[in-house]
Every structure is written in C-alpha cells, then in structure tokens.
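Observations on chain architecture
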Amino acid sequence: MNIKERAREILAGMTLEEKLGQLNMLYIGMYDNGIDELKKAVRAGDGGSVIIAGSIVPGDGDDTELHKEIAELQRIAVEESPSKIPLLFGRDVIHGHKVVNPIPLAMSASFNFDLIKEAYAETGEEAMCDGINWTFAPMLDMARDPRWGRVIECPGEDPYVGTKVAKAVVEGFQGTEMPYKMAACAKHYIGYGASEGGRDYHRAEISDYSLRNYYTKAFKSAADANVLTVMNSFNEINGQPTTSSKYYLTDILRGELGFDGFVVSDAGAVHQLTRQGVAKDYKDAAGLALNAGLDMEMNRLCFPNLRELIDEGKVTVETVDTAALRIIETKLKLGLFENPYSQHSTFDLNKHLETSRKLAGESVVLLKNKDNILPLDKEAKIALTGPFLHTKRDLLGCWTLDFDLDYVTTIGDAIKAVAPNATEFTALRQYDLKNYDTVVAVLGEAFDITGEAHSVTDISISKAQAEEIHTLKRLGKKIIAVISAGRPLALSEIEEEVDAIVYVWHGGTQTGLAAADVLFGDVCPSGRLPITFPRVTGQIPIFYNCPPSGRLCNGYYSDDLQWTNYEDCLSTPLYPFGYGLSYTEFEYSDMTVSKEKFTLDELKNGIKASVTVSNTGNRDAKEVVQLYIRDLKASYTRPLKELKGTEKLLIEIGKAVTVHFELTDKDLGYFTPHGEYIVEEGEFEIFIGHDSYTENKITVELF
Ligand code: GLC
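Being a predicted model, the structure only gives us computed values, none of them experimental.

Here the focus is the sheet that holds strand β16 (residues 500-503). If you trace the six strands from one edge of the open sheet to the other, you get β11-β16-β15-β14-β12-β13, paired in mixed fashion. Since the sheet does not close on itself, it has two edges, and those belong to β11 (365-369) and β13 (422-424), each with one partner. Direction aside, neighbouring strands of the sheet carry axes that sit 20° apart on average. Sheet analysis places strand β12 (residues 382-385) next to β13, joined by three bridges and oriented parallel. If you follow alanine 383 over to β13, its bridge partner there is threonine 423. Sheet strands touched by helix α17 (residues 411-418): β12, β13, β14 (438-444) and β15 (478-484). Its angle to β12, the strand with the most contacts, is close to 165°. Strands in contact with helix α19 (residues 463-474) are β12, β14 and β15; relative to β14, the strand with the most contacts, it is inclined by about 170°.

Glancing now at helix α10 (residues 246-256). For α10, the full list of buried residues reads Tyr248, Leu249, Ile252, Leu253 and Arg254. Of the residues one or two after α10, glycine 258 is the one with positive phi, at around 75°.

As a further point, take the domain arrangement of the chain. Here the chain is described as being made up of domain 1 (185-227 + 229-333), domain 2 (349-528) and domain 3 (584-702). Interface of domain 1 and domain 3: buried area, both sides summed, is about 600 Å²; carbon and sulfur atoms make up 48% of it. The largest per-residue losses of area from domain 1 upon contact with domain 3 belong to Tyr209, Arg212 and Asn213, which jointly make up 81% of the total buried on that side. Viewed at the interface, domain 3 and domain 1 are joined by zero salt bridges. One can count four residue pairs in polar contact (both at pLDDT 80 or more) joining domain 1 with domain 3. The biggest single contributor to the side of domain 1 that touches domain 3 is helix α8 (residues 208-215), with four residues. Of the residues in the side of domain 1 that touches domain 3, the class split is one nonpolar, one polar and three charged.

To continue, consider the side chain of lysine 648. Topologically, lysine 648 is positioned in strand β21 (residues 642-651). Of the residues examined, lysine 648 reaches a relative accessible area of 16% and is grouped as buried. Reaching out from lysine 648, the side chain makes a polar contact with the backbone oxygen of serine 110 at a distance of 2.7 Å. Side-chain polar atoms of lysine 648 contact the side chain of glutamate 362, separated by 2.7 Å.

Here the focus is the sheet that holds strand β18 (residues 597-598). Within the open sheet, the five strands sit side by side as β18-β26-β25-β20-β21. Their pairing is mixed. Strands at the two margins of the open sheet, each flanked by one partner only, are β18 and β21. Two elements, strand β20 (residues 621-631) and strand β25 (residues 682-689), share six bridges in a ladder whose sense is antiparallel. Looking across to β25, one finds that arginine 630 is bridged to glutamate 685.

In this section: the pattern of salt bridges. Under the defined criterion, the tally for this structure stands at 51 salt bridges. In this structure, the salt-bridge partner of aspartate 145 is arginine 147, at a minimum N-O distance of 2.7 Å. A residue is classified by how much of its surface remains accessible, and aspartate 145, at 8% relative accessible area, is buried. One salt bridge connects glutamate 685 with lysine 697, and the closest N-O pair in it is separated by 2.9 Å. Taken together, the residues glutamate 685 in strand β25 and lysine 697 in strand β26 (residues 697-702) connect sequence positions 12 residues apart. Owing to a relative accessible area of 10%, glutamate 685 belongs among the buried residues under this scheme. Looking at lysine 697, the relative accessible area reads 37%, which means it is partly exposed. One salt-bridge network, held together by shared partners, links Arg43, Glu72, Arg75, Glu79 and Glu80.

Looking now at the nonpolar core. Counting 172 residues, the largest nonpolar core has Trp134, Tyr189, Leu367, Ile483, Leu491, Tyr503 and Trp505 as its most contacted members. Apart from residues no more than four positions distant in its own chain, leucine 491 is found in contact with Leu367, Ile461, Ile483, Ile501, Tyr503, Arg535, Leu574 and Tyr575. In this structure, Ile415, Ala515, Ile688 and Leu702 belong to the second largest nonpolar core, which totals 56 residues.

Cis geometry is found at the peptide bond from leucine 374 to proline 375, where omega equals 0°. In this fold, proline 375 is placed in the loop between β11 and β12. Phi at tryptophan 399 is positive, roughly 55°, even though this residue is not glycine. When you line up the elements, tryptophan 399 lands in the loop between α16 (393-396) and α17. For tryptophan 505, which is not glycine, the phi dihedral falls at a positive 60°.

Before going further, it helps to examine the site of the ligand. Taken together, 15 residues lie around the ligand, and Asp92, Arg150, Lys187, His188 and Asp266 are the ones closest in. Note that an oxygen atom of the ligand is positioned 2.8 Å from one of the side-chain N or O atoms of lysine 187. The protein chains hide 100% of the 310 Å² of surface that the ligand would expose on its own. Classifying every residue of the shell around the ligand gives nine nonpolar, one polar and five charged.

Burial analysis of β25 places seven of its eight residues in the buried class, the great majority of the element. For β25 and β26, the ladder comprises six bridges, and the chain directions are antiparallel. In the sheet register, phenylalanine 687 faces β26, and the bridge partner there is lysine 697.

Along an α-helix, a turn takes 3.6 residues, which lines up residues three or four apart on a common side. Residues Ile35, Leu38, Lys39, Ala41 and Val42 constitute the buried set of helix α3 (residues 35-44). For α3, the angular spread of buried residues about the axis comes to 160°, placing them on one side. Exposed side chains of α3 directed beyond 90 degrees from the buried face belong to Asp36 and Lys40. Close packing links the buried residues of α3 with β1 (24-27), β2 (49-51) and α4 (70-80).

What counts, and where the lines are drawn
- Residues numbered from 1 in each chain as written.
- Predicted model: local features only at pLDDT ≥ 70, side-chain atom pairs only at ≥ 80, totals over all residues.
- Heavy atoms only, no water.
- Pairing = 2+ DSSP bridges.
- Helix = DSSP H or I, 4+ residues; strand = E, 2+ residues; numbered from the N terminus.
- Axes fitted to C-alpha atoms, helices over the stretch in contact; angles between N-to-C directions.
- Contact = heavy atoms within 4.5 Å.
- Buried < 20%, exposed > 50% of the residue type's maximum accessible area, 1.4 Å probe, protein only.
- Domains from an automatic or database assignment.
- Buried area = accessible area lost by both parts, 1.4 Å probe.
- Salt bridge = Lys/Arg side-chain N within 4 Å of Asp/Glu carboxyl O.
- Polar contact = N/O pair within 3.5 Å; in protein donor to acceptor, adjacent residues only side chain to side chain.
- Nonpolar A, V, L, I, M, F, W, Y, C, P; charged D, E, K, R; others polar.
- Core = buried A, V, L, I, M, F, W, Y, C linked by side-chain atoms within 4.5 Å.
- Near = heavy atom within 4 Å.
- Areas by Shrake-Rupley, 256 points an atom, 1.4 Å probe, with all protein chains shown as cover.
- Arc of directions from axis to C-beta.

Here you go:
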C-alpha cells in the first residue's frame, strides 16, 4: 500500500475532531502551567505537532528544557490520544545545533554545496539526538537588502545559489529516500526577503515576472528535492498576505512548483491577518488561511474555530481532510508510525567540529590583500586588537538555539595558538606599538543586531571600529582587518586604509580556528560573495543580476558611464557578486562551446561549454569557476548576467584543469509575467570566469 492509500486509510478511522487536532502546532508558552497542560492537550488530541521553543521568536538562544519531555509527549500521543497518531517535534535548527556552522549566508559563500549538505546531515544527527524530527529550515528567501536582519539566514541574492542550497539542505536533513530522517521546511514562502526598506514583516511589491524568475526558484528546487513542509511568510505581496492567498499557497506553490507536502504558518501569521486588515477576527482568519491552502497553524490560536466554520458552511470537511492527509502523509514518509521515537542517541563530535571548521574555512572571503601581505608568517611579530578579538557568542551568529560555547575558540586565542609572537593590545598608542609593524584588528557586528526583527538603517562598519583603523593608519601600521559579521557591512570608510580584509562572517563554532587557518595560510581562502557588498547603505538595493537600462548607466558593472547613478557615490558596488581573492592566481583560457549556433532541440539535448583554468601562482588552491549567461534580446528585459553554473575545485600549483558545463533550455529560458516558460531565438553571451565581473565570453545563437 502506498503512502497516500495508507494515509487515507488512517484518515477514514478518524473523527472530525481528531482530524482538526492534526492541523495545530502546540506551543508550551500558550499554557499557564506549561508542561502539564501541554501533555493534557496532547492526550486530548489537540495537536499534530509541538514546537520545541522557549520563546516564540527564539532566534538568539533558547534555554528551554522541553526536548527532555519529547519521549513522554510522544508516548502520550501514540498510546493515549484518540487517534494514536505520532507527533512532529519542530525546532529552529537553522545552521547548527550543538556544533554551530556558519550562518547560511556564509555557507553560501563557500559555494561548496556538497560540503553544505554534509554539514546539514551532521546537524540533523545532533538534532535527532534531542528528539527533534522537524526543522524549520532551509530559509530560502532571496534577499538584496542587507539592512534586513534576516539576510544572514538566506542563500544570498542569486536564485541559482538558492536552488543549490535548497537541495543541499533538504537532502542533508531528510536524506533522499523514505523513511526520511527528519522533516525539512522550506521557508518563508514567499517574498519575505523583499520586505520594503529592509523592514522586517513588511509589505513587498513583487511582479509575477519577478516572482517566477527570481523568488520561486529555490522553492521549486526544494519541492523537487521532496521537501516535506513549507512555512509561509508574514509579508503581503501586492496587497495579498501570503497566509490567506490561494494564488500563492495553492495555485503557484502546488500548481506550478509541484510541492505536495504540508504548509505550516509562521508564528502568529494566521491571527496577524486581523492586523493586516483582511480578517475580521481569529475565526475569519482561520477560514481564510485554511481555504487558501495553509494546513497547520503554528500556535493554536485561530484553528480551534474551524469546527464552527464547518457548521456555518464556510469551511468544508473535504478541506480539513486534505490538510490532515498532507500531515499524516508526512508522518508516514518519516516512518513515525513504525518508529515514533528518535533512533539517535549519540553523534561524532570531533567529526562534526572538523566538518564545521572546513566549511567555515571555505566560507571565508578574502576581500583585499595588498602586496600579498597575507598569509602571515607564524613567527611574525603581530599586534592583535579589536572588539571581536575575544567574543564567542557573536561568532555563532543568530538563529542558533542549542549551541555549546565550550566548543568555541575565540579568534584571538586561535591566532595566539599558532603565532607565538602575537601580542594583544587594547590601547592603540605609538609607545605600545612601536615594535609592531603589522596589526590584526578583529572587527564586525554583534550577533543580536542580525536576524529576525533586527534590521538596521545603516550597514556601515561602526564609527568606533572605523576610528580604530584611522588611528592605526595614523600610526603607520600595516592593518589586517578580520571581520566577523552576519550581513555585508559597508566598508568604504576603512577600505583604503587597510592592507587586507578577511571576511570570516559569523562563521559558527569554528570561526576562530578557520580565521587562523586562513591568516597563516594553512587554508587558502576560497570563499566568494553570495551577495553584493555596497559601498554605502544608500546604494541598496544593488545586485548583480540587474537588467540593462535604456540610458548607458548600468552602474553595477562600470563607473565609466555616460550617465552616473549617483552624484555622491560611485555606481559600482565595493565588491561584486561572486568576488573573492585567493593566495594564488588563476588564469582562464581556451573557452569553448560545443555549438555556437543551435536549434531548440539541440539546446534541449544540451550544449557544452568548457574553459581551462590554470593555477599560475605558488599555492595549491580552490577556485570557484562561475558560468553566467546574458540573453541579448528577448520579449522582456533580461539581466545583464545570470549565474547558471559553478564548479569549485582544487587546482595544484602549475596545473591546468578543464572545467565543463552543460546548458539546456532550462538555463536559457525565462517565465513571462503570465507564467509561460519560453526560450527565444537570438543571441546569448556565455561567460565563464572568476566572478560576476568576468568578460571572458563567447556569443552563441539559438535559431
Ligand atoms: C519565527 C520565524 C520563523 C521561525 C518560527 C518558529 O517568527 O519567522 O523563521 O521558524 O518563528 O520559531
């Protein structure tokens, strides 16, 4: 019997009350006396899942001990509740658990999607040891506004990277065959990253053209990877809150993207429909959400009204059945009916720490390295300073709830462990620093100025930190800025004064060790930017896959323009998408395309592009080879560049490697505003290079 048949059989044996119970996620914070009432609710069959959270916007640490009750709560569900259906236990396992990996934006910078998948598989093991069988990740919101605090959770500004991250995280958590290990959750569907002004929870204006060509791609990839759940977003799009939009939640998510799991609301999103002015009250909100295609309410505030709505004919039993079936199918796909209790009790901590260190190292982006001042000699006399030299908690970033700070080595300690002549200074005076030519200044931003409800109006590096750099410059020092931050910071004020910039992000538990690995050359930096770094906040939004303009002012790619974008700032970003330096040099040559003129049928069979990449420097190093396209003439404006392929590989000193890509109609086409996917005749430019600024290209023609 297949999953759908088994689910229907289970449903057939349930009362309407039992079915309605499955549509709720229970939250201990709803009950005055906590765990006892939660157990009572489970025993009564009031919920199909429980969120393991101590506060409903956890984000920054959560000391709940609720996971210790999971086995008992599950026992009550499967032995004492009316339907005996096992529970899902959901938690925000966003980028780590006991071992914290880099924030998702930093993980994207690694462009090593296999390593990301491995890290998430290990994170899943850790979470399952705590009884968690459902995580509220991956977050797949495309974002172009680093003022938005949640930009740190997203895959970056590019949909191709979004699709690769979606697949890696879903398969990392779930596995690739049933019974899946644990349920992943693609969130926040959809358009949350377009919140106006970077203000969290706000409105978004997204055309159907942009929706289908930019925002939905990562969710489509998650659906193709069989993601079991989707979480809807708080925001509205073009006047429609996603929570109550059949267009977004059913027509597009299920009809076009092929998602067939269940949709859970974000925390409070259903009752917030009353504040958004589309629902009269909680009962009205419940009917709007369920009828739109939302299957489970996080925090059981509105859905208890569904019974009344059924009696009033505003909600049908069939709609309830559909939602309940989706939830039961998910539990069947996880094998919970056979094994309701976690099968995991221990994990290999050292292996997980090693994976995380490797990923943190591959996420580091070398933004500047004047006169190859890096890597440093381990015997060098270096002065250490900066406000983030000895922080631990900030390195983990936000949206990490179960971390263990004992596993964290600070950046300062990690440096001193390999460089015996490194000395810390808090006061920056010539007298103290007279014997030190080189200073490592560890700068950045605190973890809790990023994440949910933590947007900012100015992404500039702080004035105090900039002042430190100015002081060191006045003292004539060579300055290496190591920056531990979540979002892209605007670094214009210090960029010219420093000799090197090493962006280590909120790199997780292993940030410190990874920073030292890169600073002293044990790891050659191979991170590339998954999001544009503006010069100043005022350039936002600024992103690489922008369309051409009628006047010659495509400011992203050149300041040598007939028309400038701004009177008071260059138009180009400080660092473009895909950018990142290495300790070696790579040369690109012999780019070829299998056919420079091809028919649609030939394209459907794939045209091949290749390039030879040579390591002409003096270090073995990894390169992220990037393939972009440009559709030179189409019925709608198309981006100046679109990333369509990446390959990260190690190239040894003096070696040359030929890298192969294949392009099909799926890469050269696009969606019209009406949802039709088309591939149009005409010329395309194919670029293969080091970053989005590459001009290494061949023009091909589809006829
Ligand atoms: C929060 C977040 C969401 C999270 C959920 C549960 O408001 O928006 O990402 O998964 O609530 O904590």
